[in-house]
Amino acid sequence: MTAPDWFDKGRKHVWLPYTQMQTARAPLPVASAAGTRLRLSDGRELIDGISSWWACVHGYRHPHIEDAVRRQLETLPHVMLGGLAHEQAYTLAQRLAALLPGDLDHVFFSDSGSVAVEVAMKMASQYWLNRGRRRVKFLCFKGGYHGDTFATMSVCDPDEGMHSLFKGALLEQIVVNLPTNAAQEAALGELLEQHGKDLAGIVVEPLVQGAGGMVFHDPFTLQALRRLADTHELLLIFDEIFVGLGRLGDAMFACEIAGVQPDIVTLSKALTGGTLPLAATIASRRIHEGFLSDDPMHALMHGPTYMGNALGCAAANASLDLFEQEPRLAQARAIGRQLQALLEPARELPGVRDVRVRGAIGVIQLDGPAPADRLSESCIASGVWLRPFRDILYTTPPLVAQEEDVAHIANAMVAAVSEWSADRAT
Ligand SMILES: *Cc1c(COP(=O)(O)O)cnc(C)c1O
């Protein structure tokens, strides 16, 4: 099969993410996409089992989002938010404030998840600085992932991530295991008794640690963190960039499911339905009030050039319309039930440590590093695009995926792991 000309010519110039460029297999050229399907340049069609890094929740090229972006393109593709205002960003901010629980009412826009977390960390630190207290460190968790920039790397899992490479260049944070019972909550309380005064806040991915390996925890953990944050005067930051916006099925946001009110929330990935880069950091009224002052230096010191991009905000508003008009949460729950049933047989296979499902996230965890190339090739041969990492093969399908698509994905996963498991045994 011959690759398109643009691919052959561009290949030596495009530096790929997380990729050893000397040995990596070539990426698959994609010509177009629609619904749950990617159409490759060679004519093959793949179901996207991971929604392009968890973003494409309504499927590709949803006409409602396409129309909104097209209309925006014809009136105002972008204008700076410093000193100027536009309808899409102002409407989106209102809608996010209304959608998030409690008084999470103040929206700061940016253009990627990492930057949204950076802004949350800066907001928390500056909140304390504005009150004359120097509290700039964070409590964060093993298995956590919050982005690839320097500040966000410092709150990622120190062993799993890129920490060791950049030792010395990163802020030193306090990294602990997530507390899962009362004894662990008490132990963490003692730690905070000693170090709490230096900390600005706690950064956590609520209910599911995504890039750390799709590891789940219970609402208890988040309730414990809220109690500890209150006792030790720490700001609680929920990074909902992966789980927020419907992925968990029971509600739009993990904080609602856990019944916990964070002080700051970050959103990105599914915010525009996977069409355009956009992110938001949303703060409670108390945090926002901590910046109101006669002192210009008390203003939040951040301002990305493309913040609140009008095309991105138009896409996000259209995406929120779809959440209102179509039964996305019910669809996510149905996908979860189906994955639960169809992935379960993998549990018995030698080499499989765990099978787990939460919301529209289905995971087969192996007992060691996943043979990523082999598993992904096997799934591609079955017509499914998946990207195994660490010790897992997982799916996060578009929430519009129909029963046949979900079955197709789950069966491809089980088949890929079965073959690998059988070969390993001989
Ligand atoms: C993906 C992700 C990020 C980083 O978002 P980018 O847009 O890739 O910078 C941060 N936090 C969580 C929980 C994520 O899943």
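What you are looking at is a predicted structure, and each value in this text was computed from that prediction instead of being measured.

### Observations regarding the overall build of the protein
Argument step 1. Along the backbone of the protein there are 14 helices and 16 strands.
Argument step 2. The C-alpha radius of gyration computed for the protein amounts to 22 Å, which stays within 12% of the reference 22 Å derived for 426 residues, consistent with globular compactness.
Argument step 3. With respect to the principal axes defined by its C-alpha atoms, the protein has extents near 65 × 55 × 45 Å.
Argument step 4. Looking at the protein as a whole, 53% of its 426 residues qualify as buried.

### Notes on the site of the ligand
Argument step 1. In the neighbourhood of the ligand, the contacting residues comprise W54, S112, G113, S114, Y145, H146, G147, E205, D239, I241, F242 and K269.
Argument step 2. Contacts to the ligand include G113, whose backbone N or O atom sits 2.8 Å from an oxygen atom.
Argument step 3. One nitrogen or oxygen atom from the side chain of S114 is found 2.6 Å from an oxygen atom belonging to the ligand.
Argument step 4. Within the complex, 83% of the 380 Å² of free accessible area of the ligand lies under protein.

### A few points about the layout of surface pockets
To find the voids left in a structure, one rolls a probe of water-molecule size over its atoms.
Argument step 1. The volume enclosed by the second largest pocket comes to roughly 450 Å³.
Argument step 2. Considering the residues around the second largest pocket, the lining is formed by 20 residues, among which H106, V107, F108, H288 and M307 are closest to the centre.
Argument step 3. If you list the elements that add at least two residues to the lining of the second largest pocket, you get α4 (87-99), β4 (104-110) and α10 (285-289).
Argument step 4. Tallied by class, residues from the lining of the second largest pocket come to 15 nonpolar, 4 polar and 1 charged.

### Describing helix α3 (residues 63-75)
Argument step 1. Here α3 contains 13 residues, and its C-alpha end-to-end distance of 18 Å stays within 8% of the 18 Å for a straight helix at 1.5 Å per residue.
Argument step 2. Considered for burial, the residues of α3 that qualify are I65, A68, V69 and Q72. The arc that holds the buried residues of α3, viewed along the axis, is 95°, so those residues lie on one side. Residues of α3 that are exposed and angled more than 90 degrees away from the buried face: R71 and E74.
Argument step 3. Contacts from the buried residues of α3 go to α4 and α11 (310-325).

### Focus: the packing of aromatic side chains
Argument step 1. Tallied over the full model, the rule gives 7 aromatic pairs.
Argument step 2. Where Y18 meets W53, the ring centres are 6.4 Å apart and the plane angle is 85°; that geometry is what we call edge-to-face. Of the two residues, Y18 sits in the loop between α1 (5-10) and β1 (30-34) while W53 sits in helix α2 (residues 51-54), which places them 35 residues apart along the sequence.
Argument step 3. Note on W53: relative accessible area 41%, which makes it partly exposed.
Argument step 4. With a centroid separation of 5.1 Å and an interplanar angle of 80°, the aromatic rings of Y127 and W128 are classed as edge-to-face. We note that Y127, like W128, is buried.
Argument step 5. Ring pairs connect the aromatic residues W54, F242, F389 and Y394, which therefore count as one cluster.

### Considering the UniProt feature "binding site: substrate" (unreviewed entry) in the protein
Argument step 1. This chain's UniProt record puts "binding site: substrate" (unreviewed entry) on W53, Y145, K269, G303 and R387. Look at the named residues: they lie 335 residues apart in sequence, and the longest C-alpha span between them is 33.7 Å, so in the fold they stay spread out.
Argument step 2. Locating Y145 in the fold gives a position in the loop between β5 (137-141) and α6 (150-154).
Argument step 3. Not counting chain neighbours up to four residues away, the residues in contact with Y145 comprise Y18, C156, E205, A211, G212 and D239.
Argument step 4. Residue placement: R387 occurs in the loop between β15 (384-385) and β16 (392-395).

### Considerations on the UniProt feature "modified residue: N6-(pyridoxal phosphate)lysine" (unreviewed entry) in the protein
Argument step 1. This chain's UniProt record puts "modified residue: N6-(pyridoxal phosphate)lysine" (unreviewed entry) on K269.
Argument step 2. Residue placement: K269 occurs in the loop between β11 (264-267) and β12 (279-284).
Argument step 3. When residues no more than four places from it in sequence are discounted, the contact partners of K269 are W53, W54, A55, I241 and G274.

### Thoughts on the nonpolar core
Argument step 1. Grouped together as the largest cluster of nonpolar side chains are 109 residues, with contacts concentrated most on L139, V208, M214, L225, L343 and I364.
Argument step 2. Taken domain by domain, this core gets at least three of its residues from each of domain 1 (5-61 + 328-425) and domain 2 (76-325).
Argument step 3. If we skip the residues at most four places from it in the chain, L139 touches I174, V176, L188, L192, L199, G201, I202 and V203.
Argument step 4. Core analysis: the next-biggest nonpolar cluster, separate from the first, contains 7 residues, I65, L311, A315 and A318 among them.

### A look at the side chain of D405
Argument step 1. Residue position: D405 is located in helix α14 (residues 403-425).
Argument step 2. The class of D405 is buried, set by a relative accessible area of 8%.
Argument step 3. Excluding anything up to four places from it in sequence, D405 contacts T36, R37 and I47.

### Observations regarding helix α8 (residues 219-231)
Argument step 1. Compared with the 18 Å implied by 1.5 Å per residue over 13 residues, the 18 Å span of α8 between its first and last C-alpha is a close match.
Argument step 2. The set of residues buried in α8 consists of T221, L222, A224, L225, R226, L228 and A229.
Argument step 3. Elements that come into contact with the buried residues of α8 comprise β5, α7 (182-195), β7 (199-204), β10 (235-239) and α9 (254-258).
Argument step 4. Once α8 ends, the next one or two residues include E233, with phi positive near 55°.

Scoring rules and cut-offs
- Residues numbered from 1 in each chain as written.
- Predicted model: local features only at pLDDT ≥ 70, side-chain atom pairs only at ≥ 80, totals over all residues.
- Heavy atoms only, no water.
- Helix = DSSP H or I, 4+ residues; strand = E, 2+ residues; numbered from the N terminus.
- Rg over C-alpha atoms; globule rule 2.2 N^0.38 Å.
- Buried < 20%, exposed > 50% of the residue type's maximum accessible area, 1.4 Å probe, protein only.
- Near = heavy atom within 4 Å.
- Polar contact = N/O pair within 3.5 Å; in protein donor to acceptor, adjacent residues only side chain to side chain.
- Areas by Shrake-Rupley, 256 points an atom, 1.4 Å probe, with all protein chains shown as cover.
- 1 Å grid on protein atoms, 1.4 Å probe; cavity = no way out; pocket = protein on both sides within 12 Å on 5 of 7 lines; lining within 4 Å.
- Points joined across faces, edges and corners; volume = space filled by probe spheres on them.
- Nonpolar A, V, L, I, M, F, W, Y, C, P; charged D, E, K, R; others polar.
- Expected span 1.5 Å × (residues − 1).
- Arc of directions from axis to C-beta.
- Contact = heavy atoms within 4.5 Å.
- Phe/Tyr/Trp six-rings, centres within 6.5 Å; stacked < 30°, edge-to-face > 60°.
- UniProt positions renumbered as here; feature names shortened; annotations may be inferred.
- Core = buried A, V, L, I, M, F, W, Y, C linked by side-chain atoms within 4.5 Å.
- Domains from an automatic or database assignment.

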